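Residue-level structure breakdown
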Amino acid sequence: MELRRIFPALFTQSENSPARSRDATLYLLRCIFLMGVRKPPAKFFIAYILWSFALNFCSTFYQPIGFLTGYISHLSEFSPGEFLTSLQVAFNAWSCSTKVLIVWALVKRFDEANAILDEMDKRLTEPSERLQVHRAVSLSNRIFFFFMAVYMVYATNTFLSAIFIGRPPYQNYYPFLDWRSSRMHLALQAGLEYFAMAGACFQDVCVDCYPVNFVLVLRAHMSIFADRLRCLGTDPGESQEQRYERLVMCIQDHKVILRFVDCLRPVISGTIFVQFLVVGLVLGFTLINIVLFANLGSAIAALSFMAAVLLETTPFCILCNYLTEDCYKLSDALFQSNWIDGEKRYQNTLMYFLQKLQQPITFMAMNVFPISVGTNISVTKFSFSVFTLVKQMNIADKLAKTEEDG
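Since the structure is predicted, the reported quantities are computational estimates derived from the model, not experimental observations.

The subject of this paragraph is the confidence of the model for the chain. Chain-level pLDDT for the chain is 87 on average; 92% of the residues reach the 70-or-more range. The weakest mean pLDDT in the chain belongs to helix H13 (residues 395–405) at 53; the strongest belongs to helix H5 (residues 108–121) at 96.

What follows is the structure in structure tokens.
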């Protein structure tokens, strides 16, 4: 297949192929390179710097300013639906810019995490173990492309629906451009807004999908590690010294897993914290827009935007819950191993290791929120509070009446 040749990491390799856990982030890291946040390559130094400046100036730095300036300059000219469409994206754009800056500052940790994955791969000796990693790699890359499709569908839908009604998608402020004055200005502003939003969506995919990509392959290694723990002491041909050495190797494997988690923890903590702060507010504005103001075209665009916002936190929060269960399975697997007839030193070491395994791997959002499904539901429920508040204060009716009077 042509697709398999172009994107080989999308497909599960055979169990005889060597495991390459770092391929779970193959396309992610290529896109992060295209974000312009990596070290410029010597061969294309000037081209990379220019591309980085254009993309980050439009999407990371100017777009949040353009939203705010547009509200100040032309707030009275917005219809309620246009204002909510712009406002819901504005909050997300500000959060996206913050997340991009966090990833920009800590991007080297992705390379360090992949180096640790290489260490884990060296412990894989069985075909079934390699197959588990291959499956995690292909699933990870497919999820990345799914994220990219959802985000880009939103950007394109909003652009097309806005062009259909003869207005720019978000009515950002651009100096020397007045889209009302001519079709040329309208086309130019719409094109600039689409480039900035498509660039922001491209960045958002990278800064939202990387935790899922890394944790999916980590879970595969933890499943393999659980089987390794369960087999301790089951080989009748092993001496007591060999059994003890295998236990020590498993302790070292666990330390590698914890080092991998610690490597990613600062990046995940910052980006998820920022998203938790805005997700409820953004979803609230989107619900109000869909229920009260949106026509068919803008409703479709808003629904795709809502799907993109939910993707920013929900999949990773689900994975965090699974990761906690995986940790408990590790302690169960060690307890189920044949440790009863081991020597005293072996049993003492195993009991100490068992206590360590009973401490689950957790991620915190800036040491404020635990990253879990429960927290995600709590911040998402805030959107219904925003919607209820707007309904009770009759803000929607007042906005509609103001538009009719104007």
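Throughout the structure, instances matching the rule amount to 16 salt bridges. Here aspartate 23 makes a salt bridge to arginine 20, at a shortest N to O gap of 3.3 Å. One salt bridge in this structure joins arginine 180 and aspartate 178, with 3.2 Å as the shortest N-O distance. The class for aspartate 178 is partly exposed, based on a relative accessible area of 34%. Taken together, the salt bridges that share partners define one network made up of Lys99, Asp204 and Asp208.

Right, let's talk about the environment of isoleucine 377 for a bit. Mapped onto the elements of the fold, isoleucine 377 is located in helix H12 (residues 373–392). It is 9.7 Å that separates the C-alpha atoms of isoleucine 377 and cysteine 317, two residues lying 60 residues apart in sequence.

Here we come to the packing of aromatic side chains. Taken as a whole and judged by the stated rule, the model has 19 aromatic pairs. Look at phenylalanine 7 and tyrosine 27: their rings are 5.6 Å apart centre to centre, the planes differ by 80°, and that puts the pair in the edge-to-face class. With phenylalanine 7 in the loop between helix H1 (2–6) and helix H2 (26–34) and tyrosine 27 in helix H2, the pair connects residues that are 20 residues apart, well separated along the chain. The partly exposed category is assigned to phenylalanine 7, whose relative accessible area is 27%. Ring geometry for phenylalanine 276 and phenylalanine 369: centres 6.0 Å apart, planes at 85°, overall edge-to-face.

Looking now at unusual backbone geometry. With phi around 55°, methionine 366 is a residue other than glycine that occupies positive phi space. What makes methionine 366 partly exposed here is its relative accessible area of 45%. You will see that asparagine 367, though not glycine, has its phi angle at about 55°, which is positive. Residue position: asparagine 367 is located in the loop between strand E1 (364–365) and strand E2 (369–370). For asparagine 367, a relative accessible area of 71% translates into the label exposed.

This brings us to the nonpolar core. Membership of the largest hydrophobic core comes to 105 residues, with the highest contact counts inside it found for Phe110, Leu229 and Ile371. It is helix H8 (residues 240–293) that provides the largest number of residues to this core, a total of 21 residues. Ignoring anything within four residues of it in the chain, the contact list for isoleucine 371 reads Ile268, Ile272, Phe276, Phe316, Cys317, Cys320, Phe363, Met364 and Ala365.

Reading guide: rules and limits
Residues numbered from 1 in each chain as written. Predicted model: local features only at pLDDT ≥ 70, side-chain atom pairs only at ≥ 80, totals over all residues. Heavy atoms only, no water. pLDDT = per-residue confidence, 0-100. Helix = DSSP H or I, 4+ residues; strand = E, 2+ residues; numbered from the N terminus. Salt bridge = Lys/Arg side-chain N within 4 Å of Asp/Glu carboxyl O. Buried < 20%, exposed > 50% of the residue type's maximum accessible area, 1.4 Å probe, protein only. Phe/Tyr/Trp six-rings, centres within 6.5 Å; stacked < 30°, edge-to-face > 60°. Core = buried A, V, L, I, M, F, W, Y, C linked by side-chain atoms within 4.5 Å. Contact = heavy atoms within 4.5 Å.

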